[in-house]
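Results of the structural survey
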Amino acid sequence: MKTISKITVAGVGALMAGTALAQAETLTINSFGGAYEEAHRECILTPFEKKTGAQVRVVTAYSADAFAQLRAQKNAPQFDVIHFSGGQEIVAAEEGLLSPIDEAKLTNAADVYDFARANLAKGEGPAYSLAAIGLLYNDEAADPKPTAWKDLSNEAYADHIVLTDISNGYGMLGFLMINQVNGGDLDNIQPGLDAVTKLLENGAIVVSTSPEIQQEFAQNDAWIAAYASDYAYTLRKAGLPTAFTQGAEGTPASFITANLVAGRPNQDLAVQLIDMSISPEAQACFAEKLRYSPTNAKTELAGEVAADVAYGEEGVKGLIRFDPVKIEANRSAWVDAWNRTIAR
């Protein structure tokens, strides 16, 4: 362990240079940087290290980059647990890059909602957090308060709606929900494009990033944005009177999963880390720190936190997961169609 403690995260390959004993006591994972990685460390990694005596090495890599690394390392994988938020686990499992997980080895699995652990035997890891996409709104200015996706077309909100470009993952999910409530599906996004055209004609604007949403709410009299629940909390911390509601027609969600990498020597230890990720304690911590929605039914949240997320049986029953594989296959064509629509 002394040798490993001196290794920096200069390169993932260097992390594999330790002895067989060191490998058995060390896990290499990815996390998503910034506040997420800080919460990841506080809510899961540090408690895991204290409980097991193992050491967790973190490589900052977002889902797409982590997946690219996993593919490149197919014959000599260097991650033990890999985290995805864009559905990459579906393809990775199909390609044999992930190991099936024996549910019997997860002490918390029985309390996790079925949809969050449906394909463990196929190699798709459990979802340990969800980014729920609904409507952020100015709790003081929006009158009436929105309760459904169809409310975006309410004339009372004209000139006060913010849409997010579909190059943004949350923006994509929000658009696909707008498309669905207007009669479209993943084989036909034209109803969504037509709905966006009408919203733009009524004064809605399009932004590309989260900070731009904050700017619109703070400076330009924006009242409503289709975006993730965690960002309502971000805006409120910035002093803006922002609330979150799940649309009555359903709530698209980004599933954040913890996956067991195939071909690694310390899978039992890795499964213990995944198990801690789906514990009610870890998920309550994530919800409090970042307002991500829990997937363990036994997670207990305080009232203010619970109001910001998809929480409990009622909160999660309306969750929708648009097929990530189909989204990826059509992303380029959809972005082109979107760009033509908003450029008119």
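1. Observations concerning the nonpolar core
Grouped together as the largest cluster of nonpolar side chains are 94 residues, with contacts concentrated most on I44, L176 and F286. Residue contributions to this core peak at 9 residues, all from strand β4 (residues 127-138). Excluding residues that lie within four positions of it along the chain, L176 makes contacts with L186, I189, F322, I327 and W334. F67, L70, A93 and V261 belong to the second largest nonpolar core, which has 13 residues in total.

2. Let's talk about the packing of aromatic side chains
Two descriptors summarise a pair of aromatic rings, namely the distance from one centre to the other and the angle between the planes of the rings. A full pass over the atoms with the stated rule returns 11 aromatic pairs. Note on Y227 and Y231: the rings are 5.7 Å apart at their centroids and 75° apart in plane angle, and the pair reads as edge-to-face. Residue classification places Y231 among the buried residues on the basis of a relative accessible area of 8%. Cluster of aromatic residues (ring-pair linked, three or more members): F32, Y36, Y62, Y128, F286 and Y292. Seen from the ring of Y233, R291 lies directly overhead, with NZ or CZ sitting 3.7 Å from the centre.

3. Brief notes about the side chain of H40
Within the secondary structure layout, H40 lies in helix α3 (residues 34-52). H40 sits in the buried class, given a relative accessible area of 1%. Ignoring any residue separated from it by four or fewer positions in sequence, one finds H40 in contact with I29, N30, S31, L45, H83, Y128 and F286.

4. Some remarks on helix α14 (residues 324-342)
Between its terminal C-alpha atoms α14 stretches only 24 Å, short of the 27 Å expected from 19 residues at 1.5 Å a residue. The largest bend along α14 measures about 60° and falls at R331. For α14, every residue scored as buried is listed here: P324, I327, W334, V335, A337, W338 and T341. Taking the backbone nitrogen of V325 as reference, a side-chain oxygen 3.0 Å away marks D323 as the first, capping residue of α14.

5. Things to note about the pairing of strand β8 (residues 242-245)
Residue alternation in β8 divides its side chains into two sets, T242 and F244 and A243 and T245, and both sets are buried. Across 4 bridges, β4 lies against β8 in antiparallel orientation. Counted as the bridge partner of N138 is T242 from β8.

6. Let's talk about the state of the cysteines
Evaluated as defined, the whole model comprises 1 disulfide. Here C43 connects covalently by a disulfide to C285, the sulfurs 2.0 Å from one another. Between C43 and C285, the S-S torsion sits near -70°, and that sign places the bridge as left-handed. Of this pair, C43 sits in helix α3 while C285 sits in helix α11 (residues 280-290), and the two are 242 residues apart along the sequence.

7. Here we look at the confidence of the model for the protein chain
It should be kept in mind that the predicted coordinates are not to be read in detail where pLDDT is low. With 93% of its residues at a pLDDT of 70 or more, the protein chain shows a mean pLDDT of 92. Counting interchain partners and residues more than four positions distant, the pLDDT-below-50 stretch residues 1-24 has 32 contacts.

8. Some words on unusual backbone geometry
Cis geometry marks the peptide bond from D143 to P144, where omega comes out at 5°. Topologically, P144 is positioned in the loop between β4 and β5 (161-164). In this structure, D221 is a non-glycine residue whose phi angle is positive, near 60°. Tracing the sequence through the fold places D221 in the loop between α8 (210-219) and β7 (224-228). Judged by its relative accessible area of 43%, D221 falls in the partly exposed class.

9. Concerning the environment of A118
By the element assignment, A118 lies in the loop between α5 (88-94) and β4. In this structure A118 comes out as exposed when scored by relative accessible area, which is 56%. Distance in space between the C-alpha atoms of A118 and M177 is 23 Å, their sequence separation being 59 residues.

10. Some details on the pattern of salt bridges
Counting across every chain of the model gives 17 salt bridges. The residue E95 makes a salt bridge to R71 at a minimum N-O spacing of 2.5 Å. Remark: R71 occurs in helix α4 (residues 63-72) and E95 occurs in the loop between α5 and β4; sequence separation between them is 24 residues. The partner of D268 in a salt bridge is K105, and the shortest N-O contact between them spans 3.6 Å. In this pair, D268 is assigned in helix α10 (residues 267-277) and K105 in the loop between α5 and β4, connecting sequence segments 163 residues apart. Since its relative accessible area comes to 48%, K105 is described here as partly exposed.

11. A word on the pairing of strand β3 (residues 81-84)
Neither face of β3 is open: one carries V81 and H83, the other I82 and F84, and all of them are buried. Pairing analysis gives 4 bridges linking β3 to strand β9 (residues 251-260), with the strands arranged antiparallel. Across the sheet, H83 pairs through a bridge with A258, a residue of β9.

Criteria and thresholds
- Residues numbered from 1 in each chain as written.
- Predicted model: local features only at pLDDT ≥ 70, side-chain atom pairs only at ≥ 80, totals over all residues.
- Heavy atoms only, no water.
- Core = buried A, V, L, I, M, F, W, Y, C linked by side-chain atoms within 4.5 Å.
- Buried < 20%, exposed > 50% of the residue type's maximum accessible area, 1.4 Å probe, protein only.
- Helix = DSSP H or I, 4+ residues; strand = E, 2+ residues; numbered from the N terminus.
- Contact = heavy atoms within 4.5 Å.
- Phe/Tyr/Trp six-rings, centres within 6.5 Å; stacked < 30°, edge-to-face > 60°.
- Lys NZ or Arg CZ within 6 Å of the ring centre and 35° of its normal.
- Expected span 1.5 Å × (residues − 1).
- Bend = angle between axes of the 7 residues up to and from the residue.
- Polar contact = N/O pair within 3.5 Å; in protein donor to acceptor, adjacent residues only side chain to side chain.
- Pairing = 2+ DSSP bridges.
- Disulfide = S-S within 2.5 Å.
- pLDDT = per-residue confidence, 0-100.
- Salt bridge = Lys/Arg side-chain N within 4 Å of Asp/Glu carboxyl O.

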